[in-house]
Amino acid sequence: SRAGMALSVLVVLLLSMLYEAVKMGKAVLLRRALLALPRSLSHQSLMEPEDGDTGPAQGRCWLSQPLADGFPFLFHSWFGYHVGQTLFHVAQVVLGYMVMLAVMSYNAWIFLGAIAGSTLGYFV
(Lines give C-alpha, C1' and ligand atoms only; values in the text may rest on other atoms or scores of the structure.)
Protein backbone atom coordinates (compact mmCIF):
# COMPACT_ATOMS: atom_id res chain seq x y z
CA SER A 1 0.00 0.00 0.00
CA ARG A 2 1.00 3.61 -0.42
CA ALA A 3 0.88 4.35 3.31
CA GLY A 4 3.15 1.40 4.07
CA MET A 5 5.65 2.49 1.44
CA ALA A 6 5.60 6.10 2.65
CA LEU A 7 6.16 4.90 6.23
CA SER A 8 9.03 2.66 5.08
CA VAL A 9 10.69 5.52 3.23
CA LEU A 10 10.27 7.77 6.27
CA VAL A 11 11.81 5.16 8.60
CA VAL A 12 14.80 4.68 6.26
CA LEU A 13 15.18 8.45 5.96
CA LEU A 14 15.24 8.80 9.77
CA LEU A 15 17.69 5.90 10.13
CA SER A 16 20.02 7.55 7.64
CA MET A 17 19.78 10.85 9.49
CA LEU A 18 20.51 9.08 12.78
CA TYR A 19 23.51 7.36 11.18
CA GLU A 20 24.96 10.76 10.21
CA ALA A 21 24.27 12.14 13.70
CA VAL A 22 26.09 9.20 15.32
CA LYS A 23 28.98 9.65 12.90
CA MET A 24 29.29 13.31 13.87
CA GLY A 25 28.94 12.50 17.58
CA LYS A 26 31.79 10.02 17.26
CA ALA A 27 33.97 12.68 15.63
CA VAL A 28 33.17 15.20 18.39
CA LEU A 29 34.01 12.64 21.06
CA LEU A 30 37.30 11.85 19.32
CA ARG A 31 38.18 15.56 19.26
CA ARG A 32 37.45 15.87 22.98
CA ALA A 33 39.58 12.82 23.72
CA LEU A 34 42.47 14.25 21.73
CA LEU A 35 42.18 17.60 23.50
CA ALA A 36 42.36 15.78 26.85
CA LEU A 37 45.76 14.35 25.94
CA PRO A 38 48.82 16.20 27.20
CA ARG A 39 50.85 18.17 24.67
CA SER A 40 54.06 16.31 25.48
CA LEU A 41 54.49 12.72 26.51
CA SER A 42 58.14 12.83 27.47
CA HIS A 43 59.54 10.28 29.88
CA GLN A 44 60.15 12.92 32.54
CA SER A 45 56.55 14.11 32.48
CA LEU A 46 55.21 10.58 32.73
CA MET A 47 57.27 9.51 35.71
CA GLU A 48 57.39 10.97 39.21
CA PRO A 49 60.18 9.99 41.59
CA GLU A 50 59.05 8.34 44.79
CA ASP A 51 60.33 9.47 48.18
CA GLY A 52 64.00 8.61 48.55
CA ASP A 53 64.56 7.88 44.85
CA THR A 54 67.12 9.84 42.89
CA GLY A 55 65.80 9.75 39.36
CA PRO A 56 62.63 9.53 37.31
CA ALA A 57 63.53 6.06 36.02
CA GLN A 58 62.80 4.62 39.46
CA GLY A 59 59.52 6.50 39.88
CA ARG A 60 55.99 5.26 39.63
CA CYS A 61 54.05 5.40 36.39
CA TRP A 62 51.48 8.17 35.73
CA LEU A 63 48.82 5.54 35.00
CA SER A 64 48.73 4.45 38.62
CA GLN A 65 48.60 7.88 40.32
CA PRO A 66 48.32 11.49 39.13
CA LEU A 67 51.44 13.65 39.26
CA ALA A 68 51.91 16.24 41.98
CA ASP A 69 52.48 19.08 39.51
CA GLY A 70 48.93 18.85 38.14
CA PHE A 71 49.54 16.73 35.06
CA PRO A 72 46.20 17.25 33.23
CA PHE A 73 45.77 13.80 31.72
CA LEU A 74 44.28 11.01 33.78
CA PHE A 75 43.90 7.45 32.61
CA HIS A 76 40.28 7.29 33.78
CA SER A 77 39.33 10.28 31.64
CA TRP A 78 40.86 8.71 28.55
CA PHE A 79 39.20 5.37 29.30
CA GLY A 80 35.79 7.06 29.56
CA TYR A 81 36.26 8.70 26.17
CA HIS A 82 37.36 5.37 24.70
CA VAL A 83 34.26 3.58 26.03
CA GLY A 84 32.08 6.35 24.58
CA GLN A 85 33.78 6.07 21.20
CA THR A 86 33.29 2.31 21.25
CA LEU A 87 29.56 2.68 21.92
CA PHE A 88 29.23 5.27 19.17
CA HIS A 89 31.09 2.94 16.79
CA VAL A 90 28.77 0.02 17.58
CA ALA A 91 25.71 2.23 17.00
CA GLN A 92 27.19 3.49 13.72
CA VAL A 93 27.86 -0.05 12.45
CA VAL A 94 24.38 -1.29 13.42
CA LEU A 95 22.64 1.68 11.79
CA GLY A 96 24.82 1.37 8.69
CA TYR A 97 23.91 -2.28 8.24
CA MET A 98 20.23 -1.54 8.78
CA VAL A 99 20.26 1.14 6.09
CA MET A 100 22.26 -1.15 3.78
CA LEU A 101 19.74 -3.96 4.22
CA ALA A 102 16.90 -1.57 3.44
CA VAL A 103 18.64 -0.39 0.28
CA MET A 104 19.28 -4.00 -0.73
CA SER A 105 15.52 -4.41 -1.18
CA TYR A 106 16.20 -2.81 -4.61
CA ASN A 107 13.32 -0.40 -4.19
CA ALA A 108 13.99 3.00 -5.76
CA TRP A 109 11.92 4.88 -3.18
CA ILE A 110 13.76 3.25 -0.28
CA PHE A 111 17.06 4.09 -1.97
CA LEU A 112 16.03 7.72 -2.44
CA GLY A 113 14.91 7.85 1.21
CA ALA A 114 18.35 6.64 2.30
CA ILE A 115 20.09 9.21 0.11
CA ALA A 116 17.80 12.02 1.28
CA GLY A 117 18.26 11.02 4.94
CA SER A 118 22.02 10.93 4.58
CA THR A 119 21.99 14.32 2.90
CA LEU A 120 19.70 15.89 5.50
CA GLY A 121 21.62 14.29 8.37
CA TYR A 122 24.89 15.69 7.11
CA PHE A 123 23.36 19.11 6.47
CA VAL A 124 21.84 19.36 9.96
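In the block above lies the structure referred to throughout.
Procedures and definitions
Residues numbered from 1 in each chain as written. Predicted model: local features only at pLDDT ≥ 70, side-chain atom pairs only at ≥ 80, totals over all residues. Heavy atoms only, no water. Helix = DSSP H or I, 4+ residues; strand = E, 2+ residues; numbered from the N terminus. Expected span 1.5 Å × (residues − 1). Buried < 20%, exposed > 50% of the residue type's maximum accessible area, 1.4 Å probe, protein only. Contact = heavy atoms within 4.5 Å. Salt bridge = Lys/Arg side-chain N within 4 Å of Asp/Glu carboxyl O.

A.B. asks: So, helix H1 (residues 2-36): which residues are in play, and what are the values?
C.D. replies: For H1, with 35 residues, the first-to-last C-alpha span of 51 Å sits near the 51 Å given by 1.5 Å per residue. Among the residues of H1, those classed as buried are Val 9, Val 12, Leu 13, Leu 15, Ser 16, Glu 20, Val 22, Gly 25, Leu 29 and Ala 33.

A.B. asks: An account of the environment of Lys 26 is needed here, citing residue identities and associated values.
C.D. replies: Among the structural elements, Lys 26 can be located in helix H1. Along the primary structure Lys 26 and His 89 are separated by 63 residues, whereas in three dimensions their C-alpha atoms are 7.1 Å apart. Once residues within four sequence positions are removed from consideration, Lys 26 is found in contact with Phe 88, His 89 and Gln 92.

A.B. asks: Which residues make up the pattern of salt bridges, and what values do they have?
C.D. replies: Counted by the stated rule, this structure contains one salt bridge. Ionic pairing is found between Lys 23 and Glu 20, a salt bridge with its closest N-O pair at 3.2 Å. With Lys 23 and Glu 20 both in helix H1, this residue pair falls three residues apart, about one helical turn. Classification of Lys 23 as partly exposed rests on a relative accessible area of 32%.

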